[in-house]
Amino acid sequence: MTLNLTMTNLDHGDPNLGGLFDTLQGNILKSLGRDHSRHVRLRFTGPPEACRALVAGFADQVTSMSAQYAQTCAYRDHGTRSLFTGFLLSAAGYDALGIPRADQPNDPAFQAGMKDISTPYDTRPRGDHTRNPNPLNDAPDGWEDGFQARIDALVILASGRKDDTEGTEEMLHYELEKLTDSVRGLAEIVHVEFGHVLRNDLGQVIEHFGNPDGVSNPSFMRPDLD
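No experiment lies behind these values; they were computed from the predicted model shown.

Trainee: Looking at this model, I keep getting lost on the nonpolar core. Mind explaining?
Mentor: Inside soluble globular proteins, nonpolar side chains tend to come together where they are buried. Ranked by internal contacts, the top residues of the largest apolar core, which has 20 residues, are F44, F87, V155 and L179. For this core, the secondary structure elements donating two or more residues are β1 (36-44), α2 (48-58), β5 (153-159) and α7 (165-183). If one sorts the elements of this core by residue count, α7 sits on top with five residues. Non-local contacts of F44, meaning those with residues more than four positions away in its chain, are made with C51, V55, F87, L89, G93, A96, L97, R150, D152, A153, L186 and A187. Residues F21, L29, M65 and F220 belong to the second largest nonpolar core, which totals nine residues.

Trainee: Just to check I follow, could you spell out the pairing of β5 for this structure?
Mentor: Consecutive side chains along a regular strand alternate between the two faces of the sheet. Taking burial as the measure, the seven residues of β5 include seven buried ones, the bulk of the element. The alternating pattern of β5 places A153, V155, L157 and S159 on one face and L154, I156 and A158 on the opposite face, and all of these are buried. Of the pairings in the sheet, the one linking β1 to β5 comprises seven bridges and is antiparallel in character. Each bridged residue has a counterpart across the sheet, and for R41 the counterpart in β5 is L154. Strand direction decides the pairing type here: strand β2 (residues 84-89) and β5, joined by six bridges, are antiparallel. The partner of L88 across the bridge, within β5, is L154.

Trainee: Honestly, the side chain of S159 in this entry has me stumped. Any pointers?
Mentor: Looking at the element boundaries, S159 is found in strand β5. From its side chain, S159 meets the backbone oxygen of S82 in a polar contact 2.7 Å long. Those residues in contact with S159 that sit more than four places away from it in its chain are R34, D35, H36, R81, S82, L83, T168, M171 and L172.

Trainee: Is there a simple way to explain the pattern of salt bridges in this structure?
Mentor: Close approach of charged atoms allows side chains with opposite charge to pair. Going through the model one piece at a time under the given rule, you end up with 11 salt bridges. Here R101 and D95 are joined by a salt bridge, their closest N and O atoms 2.9 Å apart. Here R101 falls in the exposed class, since its relative accessible area comes to 51%. The salt bridge involving R150 is made with D152; its shortest N-O contact spans 2.7 Å. Of the residues examined, D152 reaches a relative accessible area of 0% and is grouped as buried.

Trainee: Help me out: how do you make sense of the packing of aromatic side chains in this one?
Mentor: On inspection of all chains with the given rule, the structure shows two aromatic pairs. Aromatic pair F58 and F87: ring centres 5.5 Å apart, planes at 55°, arrangement tilted. Of the two residues, F58 is situated in helix α2 and F87 in strand β2; the sequence distance between them amounts to 29 residues. In this structure, F58 and F87 share a single accessibility class: buried. Look at Y94 and F110: their rings are 6.1 Å apart centre to centre, the planes differ by 80°, and that puts the pair in the edge-to-face class.

Trainee: So what exactly am I meant to see when it comes to the sheet that holds strand β6 (residues 187-196) here?
Mentor: Consider a sheet: its strands pair through backbone hydrogen bonds, and that pairing is either parallel or antiparallel. Read across the open sheet, the four strands follow the order β2-β5-β1-β6; overall the sheet is antiparallel. Looking along the sheet, the strands with just one partner apiece sit at the ends: β2 and β6. Taken pair by pair, the neighbouring strands of this sheet meet at an average axis angle of 15°, ignoring direction. Sheet strands touched by α2: β1, β2 and β5. Its angle to β2, the strand with the most contacts, is close to 150°.

Trainee: Help me understand helix α3 (residues 65-78) in this model?
Mentor: Residue pairs three or four apart in sequence face the same way in an α-helix, which turns once every 3.6 residues. In a regular helix each residue adds 1.5 Å, so 14 residues correspond to 20 Å; α3 covers 20 Å between its end C-alpha atoms and thus fits that length. Buried residues of α3: M65, Q68, Q71 and C73, and no others. Buried residues along α3 sit in contact with α1 (18-23) and β2.

Trainee: Would you mind going over α2 with me for this structure?
Mentor: All buried positions along α2 are accounted for by C51, L54, V55 and F58. Buried residues in α2, looked at end-on, bunch into an arc of 95°, giving them a common side. In this structure, α2 carries E49 and A53 as exposed residues pointing more than 90 degrees from its buried face. Those residues of α2 hidden inside the fold are in contact with β1, β2, β5 and α7.

Reading the values: the criteria
- Residues numbered from 1 in each chain as written.
- Predicted model: local features only at pLDDT ≥ 70, side-chain atom pairs only at ≥ 80, totals over all residues.
- Heavy atoms only, no water.
- Core = buried A, V, L, I, M, F, W, Y, C linked by side-chain atoms within 4.5 Å.
- Buried < 20%, exposed > 50% of the residue type's maximum accessible area, 1.4 Å probe, protein only.
- Helix = DSSP H or I, 4+ residues; strand = E, 2+ residues; numbered from the N terminus.
- Contact = heavy atoms within 4.5 Å.
- Pairing = 2+ DSSP bridges.
- Polar contact = N/O pair within 3.5 Å; in protein donor to acceptor, adjacent residues only side chain to side chain.
- Salt bridge = Lys/Arg side-chain N within 4 Å of Asp/Glu carboxyl O.
- Phe/Tyr/Trp six-rings, centres within 6.5 Å; stacked < 30°, edge-to-face > 60°.
- Axes fitted to C-alpha atoms, helices over the stretch in contact; angles between N-to-C directions.
- Expected span 1.5 Å × (residues − 1).
- Arc of directions from axis to C-beta.

Structural data, given as structure tokens:
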């Protein structure tokens, strides 16, 4: 099933959407809702066939949207801490896995990658379609070393709330060690970013730019809209 992203007021209990929510990765239509995270960037180093098997095996650990909702309810009702796991590929990752270009996402910005600063894209608000190369003026040679390396995949490990810091950090440290062992010989970790949620003086969760309005995290789900 495909989802038209102009749809809104979506309900987890809608039987017409259950199959989609079971197979759609979490943290896409709704933010993952955790206060602590590890963003682990990988570069594949093994043969493509072996790396594809690694990815296929890892897919069973990914938290679906349905599972994310169940975890949220368990925390709300019982205070149960759980691990959110996400997995994303870059265009370089598809290439490293030996996936033909015809079978990859064909969005030109995705294919060019975030290090491309020469290709112009439509980056302005709707109505102004001036094509602009490198609109943020952030050439990769000024990035931190870990981001300058080739990045094939991103693994997101997240858990906990602000009042459960110590136990959550221990859990994420353990999960990162497990991940490191599981990819050894097929991929190397090129960068680990430690994430902690940001809040303003009112206690509202805010985005990276300091705004609580949700423009970068639009609401699709009925409980959020209610």
